[in-house]
Amino acid sequence: MALDKELAAAFNDQVALELTSAHQYLALSAWLEKEGLPGMANWMRIQVGEENEHAMRFYRFLIDRNAAVVLKSIPEPKTEFATVVDVFRAALAAEQRVTAAINSLYSMATDVRDFASYPLLDWFVDEQIEEEATVQQIIDDLVRTDGNGHALLMLDRELGARVPTAE
Ligand SMILES: [Fe+2]
Ligand SMILES: [Fe+2]
């Protein structure tokens, strides 16, 4: 079944949104490097890889559905933050934006009865639950450190141990 035009446009927007997330995560990683928190920077850099991979899932889907891939420009990421917790709050805000976009893709796919989109979108619905929960947990941990340098160092070490998951 040919992909509905509006739905194809929304999938193309999603490619750009995932790349926008990747770009934002890279900026967050750079900020954390500058602040001397290499473990947290590592965690953000792994997110960059995941977001690029998400963009490629939508890209591949458009190709498999015989729809044109239309790449959009990526806006400049936010680079100024007052605190470490603000950096992770920016990550959470980006994830919430992506969740809303996935939900809207889902409802568009439902409207045009494009059942072939469901497995891809189901994967992303699950992924977004995990993404938001993980970032929220880090925010909670950061708030709990309450400016304690030792606790912050421990958290940096913990996030530094993250390795990319095999696809
Ligand atoms: Fe994503
Ligand atoms: Fe994400």
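Refer to the structure above for everything that follows.
Residues numbered from 1 in each chain as written. Chains lettered and ligands numbered in written order. Predicted model: local features only at pLDDT ≥ 70, side-chain atom pairs only at ≥ 80, totals over all residues. Heavy atoms only, no water.

Below, the discussion takes up the overall build of the protein. For the protein, the count of helices and strands is five helices and zero strands. For the protein, the succession of helices and strands along the chain, N to C, is α-α-α-α-α. With the principal axes as the frame, the protein shows a C-alpha extent of 55 × 30 × 25 Å. Among the 167 residues that make up the protein, the fraction classed as buried is 45%. Taking as baseline every contact in the protein between residues at least 6 positions apart, the subset at least 24 positions apart corresponds to 81%. For the protein, the exposed area adds up to about 9,000 Å²; of that, 56% sits on carbon and sulfur atoms. Considering the protein, the positive charge centre built from 14 side chains and the negative charge centre built from 28 side chains are found 3 Å apart. (Helix = DSSP H or I, 4+ residues; strand = E, 2+ residues; numbered from the N terminus. Buried < 20%, exposed > 50% of the residue type's maximum accessible area, 1.4 Å probe, protein only. Contact = heavy atoms within 4.5 Å. Areas by Shrake-Rupley, 256 points an atom, 1.4 Å probe, with all protein chains shown as cover. Lys, Arg positive; Asp, Glu negative; His and termini not counted. Charge placed at Lys NZ, Arg CZ, Asp CG, Glu CD.)

L32, M40, M44 and F88 are the most contacted members of the largest nonpolar core, which has 25 residues in total. Put simply, the parts of the chain that give this core at least two residues each are α1 (5-34), α2 (38-64), α3 (84-111), α4 (118-145) and α5 (149-160). Among the elements that take part in this core, α3 stands out by supplying seven residues, more than any other. Excluding anything up to four places from it in sequence, M44 contacts Y25, L28, S29, L32, V87, F88 and A91. (Core = buried A, V, L, I, M, F, W, Y, C linked by side-chain atoms within 4.5 Å.)

What follows deals with the coordination of the iron ion (ligand 1). Around the iron ion (ligand 1), the protein contributes the donor atoms E18 (OE), E51 (OE) and H54 (ND1), at 2.0 to 2.2 Å from the metal centre. Each donor residue of the iron ion (ligand 1) lies on one chain, and together they are spaced E-x32-E-x2-H. A separation of 3.4 Å is found between the iron ion (ligand 1) and the iron ion (ligand 2), which are bridged by E51. Here E51 and its partner H54 are both found in helix α2, three residues apart, which amounts to about one turn of the helix. Taken individually, E51 and H54 each receive the classification buried, so the pair is uniform in this respect. (Donors = N, O, S within 2.8 Å, 3.2 Å for Na, K, Ca; no water.)

As a further point, take the coordination of the iron ion (ligand 2). Only E51 (OE), E95 (OE), E95 (OE) and E131 (OE) from the protein coordinate the iron ion (ligand 2), and they sit 2.0 to 2.6 Å from it. Coordination at the iron ion (ligand 2) comes from four donor atoms whose angles at the metal span 53 to 137 degrees, giving a geometry best classed as irregular. Ordering the donors of the iron ion (ligand 2) by residue number gives the pattern E-x43-E-x35-E. (Tetrahedral: all angles 85-135°; square planar, octahedral: opposite > 155°, others 65-115°.)

Moving on, we get to the pattern of salt bridges. Tallied over the entire structure, the rule returns nine salt bridges. For R45, the salt bridge identified is with E33, shortest N-O distance 3.0 Å. One end of the pair, R45, is in helix α2; the other, E33, is in helix α1, with twelve residues separating them in the sequence. Of the charged contacts in the structure, one is a salt bridge between R144 and D141, with a shortest N-O distance of 3.5 Å. On the criterion of helical spacing, the pair formed by R144 and D141 is a turn pair, its members being three residues apart in helix α4. A relative accessible area of 61% places R144 in the exposed class. (Salt bridge = Lys/Arg side-chain N within 4 Å of Asp/Glu carboxyl O.)

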